[in-house]
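A closer look at the structure
Given next are the chains, with one letter for each unit.
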Amino acid sequence: MMRGRVAYAGAIHEATPEGGRVRLADGRVREEHEVVWLAPLEPGTIFALGLNYAEHAKELQFSKQEEPLVFLKGPGTVIGHRGTTRRPADVTFMHYECELAVVIGRTAQNVKREDAMQYVAGYTIANDYAIRDYLENYYRPNLRVKNRDGGTVLGPWFVDAADIGDVNALGLRTYVNGELKQDGNTRDFVTGIAELIEYLSSFMTLAPGDVILTGTPEGVVNVNAGDEVVCEIDGLGRLVNTIASDADYAR
Amino acid sequence: MFSVADHLLHVEGEALPRDVNAAAVHALLATCAACRAPVSGAVYGTLLNDRHALEALGEAVNAPPYKAPPRAPILYLKPRNTLAGHRARVIVPGNEGVQVGASLGIVIGRTAARVAAHEAFDYVAGYTLVADLSVPHASVYRPSVRFRARDNFCVIGPAVVARSHVANPDQLALAVNVEGRPAFHATTATSVRSVAQLLADVTDFMTLAPGDVITLGVPHGAPVVQAGERATLAIGDWAPLEIEFVAAHAAQGAQA
């Protein structure tokens, strides 16, 4: 089952796909552009993986890692499908990152990898923007790079784990203004989902609603104000975002 | 919405927090009450915001892997599994102990986006004590989250003290006692960014929500404790925050 969360006519609704349109829980069916899309869930702790695809790690010139490169993100950075993300005028390299987002469904503590997939409720698409100009070498990548307002796009749908056949064989694609720029597959994970849950739950308790952004494959390019960025993952849909300029935010 | 009129604390076992005066806080805590964290928003830690901590890094800031001194505020998340309150029991994971970082916590009262330093205090509901715990680690380049994100590794409280009670948050004394003996003292006056400047620089790129907490940062030289020890943290004359450190096997025994 696919579920979204949308604002429409003064309230927030659960929504499901209805052909190319959306059906609200109360029965109303509307066009996709008539509703405001929120992230399909209010995330608990958000984990993000750096360099979790071998080719992307090579692209950024990183060598073998001893443990997964995990960093955390706050709730304020999250926006939904069809939202806008600000590109500061002074930067030279802002890039999208299409990622499979794993949503935890059960409290998880010291979970072994053989059992780990039982703790997954489902999946959604993430577009985890980064501004490379702001990278500094302290607690890298720091929040000015990775936790900006509007910098983490989630959606459109939360998809039950049971509806996804082999989560380790999903194609991921990013299109910028309709042109394919990023084309990867979750079979190329450096650390797989089950291993990530084993790793994280070995030193902290995971809770329902926690979200793991599993990293992005190679193929990141700079985006500019006005660009439309579409992230697509097999079985999960298409997540649309538009880059906005400082002027839009009265800067 | 988040607001505090006097002192906000959440006694363990009670449904809702209480908002009471300082005398009532002391009376409640004298009954050995444990507390929950008095806040439930996002908690952001600030790193290297103490001049002494930067001085201790010395020339290393210009050498690899750092290559340059920090420019923007350095922040990290203390995720929800880390939040705990007064008299928390914290598991010491290994032989290297746990570093007890005492910091002023700034509690946000209004949605704070692109706040100017001169109006920053309008967005502050109050202040609290944050025990920002970590497994000691030397490198601040790309440390593992397992050093700071363990369960109960962010002990907050006992209370949120209303802003009106704090004349100058940039002139507060911090102290940590371990087993009743003074182990550490510092002041918020040595911060690189003041409370107002930190809020201005952070809210330029990320909005803080009511009930969120951002630490002013742990001063240099935070003490390390071992299992079996108790730490007491204090800011000025506020009610102190107590933490009990236990070994992993002791914690399992207590649960069984």
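Residues numbered from 1 in each chain as written. Chains lettered and ligands numbered in written order. Predicted model: local features only at pLDDT ≥ 70, side-chain atom pairs only at ≥ 80, totals over all residues.

Thoughts on the overall build of chain A
- Check the secondary structure of chain A and you find 3 helices and 19 strands.
- Overall, the C-alpha framework of chain A stretches about 50 × 45 × 30 Å when taken along its three principal axes.
- Classification of the 251 residues of chain A by burial places 48% in the buried group.
- Expressed as a percentage of contacts within chain A between residues at least 6 apart in sequence, the contacts between residues at least 24 apart total 73%. (Helix = DSSP H or I, 4+ residues; strand = E, 2+ residues; numbered from the N terminus. Buried ≥ 20, exposed ≤ 12 C-beta atoms within 10 Å, placed from the backbone. Contact = placed C-beta atoms within 7 Å.)

Some words on the interface of chain A and chain B
- At the interface, 28 residues of chain A touch 31 residues of chain B.
- Secondary structure elements with two or more residues in the side of chain A that touches chain B: strand S7 (69–73) and helix H2 (143–146) of chain A.
- Here the side of chain A that touches chain B gets 5 residues from one element, more than from any other, and that element is S7(A).
- Residue classes in the side of chain A that touches chain B are distributed as 12 nonpolar, 9 polar and 7 charged. (Nonpolar A, V, L, I, M, F, W, Y, C, P; charged D, E, K, R; others polar.)

Regarding helix H3 (residues 195–203) of chain B
- Most of H3(B) is tucked away: 7 of the 9 residues are buried.
- Check the buried side of H3(B) and you find it contacts strand S4 (43–47), strand S5 (74–78), strand S8 (98–108) and strand S14 (213–215) of chain B.

A word on the domain arrangement of chain A
Residues and elements named next belong to chain A.
- The domains assigned to chain A are domain 1 (1–38) and domain 2 (41–249).
- The interface is formed by 6 residues belonging to domain 1 together with 10 residues belonging to domain 2.
- If you list the elements that add at least two residues to the side of domain 1 that touches domain 2, you get strand S1 (2–8) and strand S5 (36–38).
- For the side of domain 1 that touches domain 2, the leading source of residues is S1, giving 3 residues.
- Within the side of domain 1 that touches domain 2, the residues separate by chemical class into 4 nonpolar, 1 polar and 1 charged. (Domains from an automatic or database assignment.)

Observations regarding unusual backbone geometry
- The amide bond that connects B:Pro64 to the next residue, B:Pro65, takes the cis arrangement and shows omega of 5 degrees.
- With respect to the helices and strands, the residue B:Pro65 is situated in the loop between helix H2 (51–57) and S5.
- Along the chain, B:Gly157 connects to B:Pro158 via a cis peptide bond; the corresponding omega equals 0 degrees.
- Along the chain, B:Pro158 falls in the loop between strand S10 (154–156) and strand S11 (160–162).
- Look at A:Tyr139: it is not a glycine, yet its phi comes out positive at around 45 degrees.

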